[in-house]
Amino acid sequence: MTQRTPADLPSTPVDLRSDTVTHPTAAMYERMRTAPIGDDGLDGDPTVRELESYVAASLGKEAGLFVPSCTMANLLAVLAQTQRSEQVVLESTAHMYTSERGAATFTGLFYQGVSGTAGAMDLNRLEEALQTGGHKLKTSLVAMETSHNNAGGAVLPLDHMQAVHGMAQAAGVPVHLDGARLFNAAVALGVTAADITRHADTVSLCLSKGLSAPVGAVLAGSRPMVAKARTLRRMLGGTQRQSGIVAAAGLEGVQHMGERLAEDHVRARRLSDGLNRLAPALSATVPQTNIVQVETADTGMTNAEWVSALQAQGVLTRPWGRTRLRCVTHRHIGDDDIDTAVKAFAAVLNGR
């Protein structure tokens, strides 16, 4: 395999592992430095309150709750709206199902996966899961995800979300939206975030992905639900003290970083097009947002070998299953970085 010499390598790797690697902007650092702060576990933190109110209003909800991670936000949404020995229904490749359902070990809930296409649940299967009686567990929550991580950043159609919400409402079941990359979905659809979240009762929003804040998420919903989730957050050890310091960065993110996500989507398509020129040995998904999955099954190399070889070329990727790599664009990735990544894939492919 032909290796690039150190002089050929970029000074920093082209990091396509995730949009979680983004660093705060200069404006975020300034807002963090000057943010009014208090004790969020006692009488409250003014910047946290501003973030919670702003996000809730932006998503068309009554109240918000700042938490350390989107995983905790999703867990709190589940705990606040369910009882033990009930079930949560969600698409079978949703992140909450594939990566977060370990929470069932201490919530006493059952997570029921429903088959789907591009992250969208089969509505007939959902209808079956909503039925009660006999030996069936009671479904107490339905969850959706957009954009959908395991579906390569796919965005749920609004008519599908409306149908899911309508079916759940008819059954008296609330709907939660895992909106970790909600702003990516909104940009892809050309709508506001509230146009999406109107089809859910609760929603989680991650601040530390494409929005570039260093940490945190917001859970939004009705005032009673958020009040319950706030109590549960304390029980989980999620209460933070002078958390306005990091909430300030999140506020900057939701107020000013959403529109630029379109640039990430364009570059993801540029990456996909470049990699698909390497077919048939490699093939890449055509992205709606900022995630590209690369199929490596026909190359004769394992994913571990691909990750190592690409790293030697100055490109960082992430294995996604046995025969796929995941590449995620973000604000630290420019056109030149995309070109470097495509050349790295070609070099590894030709040198195998």
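Since we're looking at a predicted model, the values are computed, not measured. (Residues numbered from 1 in each chain as written. Predicted model: local features only at pLDDT ≥ 70, side-chain atom pairs only at ≥ 80, totals over all residues. Heavy atoms only, no water.)

Observations concerning the packing of helix α1 (residues 26-34) against helix α11 (residues 244-256)
- Between α1 and α11, the shortest axis-to-axis distance is 8 Å and the interhelical angle comes to 140°. With respect to each other, α1 and α11 are oriented oblique. Between α1 and α11 lies a crossing whose hand is right-handed. Together, Ala27, Met28, Arg31 and Met32 of α1 and Ile245, Ala248, Ala249, Leu251, Glu252, Gly253, Gln255 and His256 of α11 make up the contact between the two elements.
- Looking at the contact of α1 with α11 residue by residue, the class counts come to 7 nonpolar, 3 polar and 2 charged. (Axes fitted to C-alpha atoms, helices over the stretch in contact; angles between N-to-C directions. Helix = DSSP H or I, 4+ residues; strand = E, 2+ residues; numbered from the N terminus. Parallel < 35°, antiparallel > 145°, perpendicular 65-115°, else oblique. Left-handed = near helix turned anticlockwise from the far one by under 90°. Contact = heavy atoms within 4.5 Å. Nonpolar A, V, L, I, M, F, W, Y, C, P; charged D, E, K, R; others polar.)

Focus on the packing of aromatic side chains
- Per the stated rule, a full pass over the model turns up 1 aromatic pair.
- Across from the ring centre of Tyr97, 4.2 Å away, lies the NZ or CZ of Arg101, which sits over that ring.
- The lysine or arginine in question, Arg326, covers the ring of Trp320, its NZ or CZ lying 4.3 Å from the ring centre. (Phe/Tyr/Trp six-rings, centres within 6.5 Å; stacked < 30°, edge-to-face > 60°. Lys NZ or Arg CZ within 6 Å of the ring centre and 35° of its normal.)

Let's talk about the sheet that holds strand β14 (residues 318-319)
- Spatially, 4 strands are ordered β11-β12-β15-β14 in an open sheet, and the strand pairing comes out antiparallel. What marks the edges here is a single partner per strand, and that holds for β11 (283-284) and β14.
- Alignment of strand β12 (residues 291-295) against strand β15 (residues 324-328), held across 5 bridges, turns out to be antiparallel. The residue of β15 that forms the bridge with Ile291 is Val328.
- Against the sheet, helix α12 (residues 261-276) makes contact with β11, β12 and β15, and its axis sits at roughly 15° relative to β12, the strand it touches most. (Pairing = 2+ DSSP bridges.)

Focus on the sheet that holds strand β9 (residues 202-206)
- Strand order across the open sheet formed by 7 strands is β2-β10-β9-β8-β7-β3-β4, with mixed pairing between neighbours. Looking at the sheet topology across the chains shown, the edges are occupied by β2 (63-67) and β4 (110-114). Averaged over all pairs of adjacent strands, the angle between strand axes in this sheet comes to 20°, irrespective of strand direction.
- In this structure, strand β7 (residues 139-145) lies alongside strand β8 (residues 175-179), joined through 4 bridges in parallel fashion. Bridge pairing links Met144 to Leu177 in β8.

Observations concerning the confidence of the model for the protein chain
- Residues at a pLDDT of 70 or more form 97% of the protein chain, whose mean pLDDT is 94.
- Contacts from residues 1-10, a stretch scored under 50 in pLDDT, to residues over four places away or in other chains number 16 contacts. (pLDDT = per-residue confidence, 0-100.)

Structural notes on the pairing of β9
- With respect to burial, β9 is a largely interior element, 5 of its 5 residues being buried.
- Inspection of the sheet shows β8 paired to β9 by 4 bridges, in the parallel sense. Across the sheet, Asp178 pairs through a bridge with Ser204, a residue of β9.
- In this sheet, strand β10 (residues 217-221) lies alongside β9 in antiparallel orientation, the contact comprising 4 bridges. Paired with Ser204 across the bridge in β10 is Leu219. (Buried < 20%, exposed > 50% of the residue type's maximum accessible area, 1.4 Å probe, protein only.)

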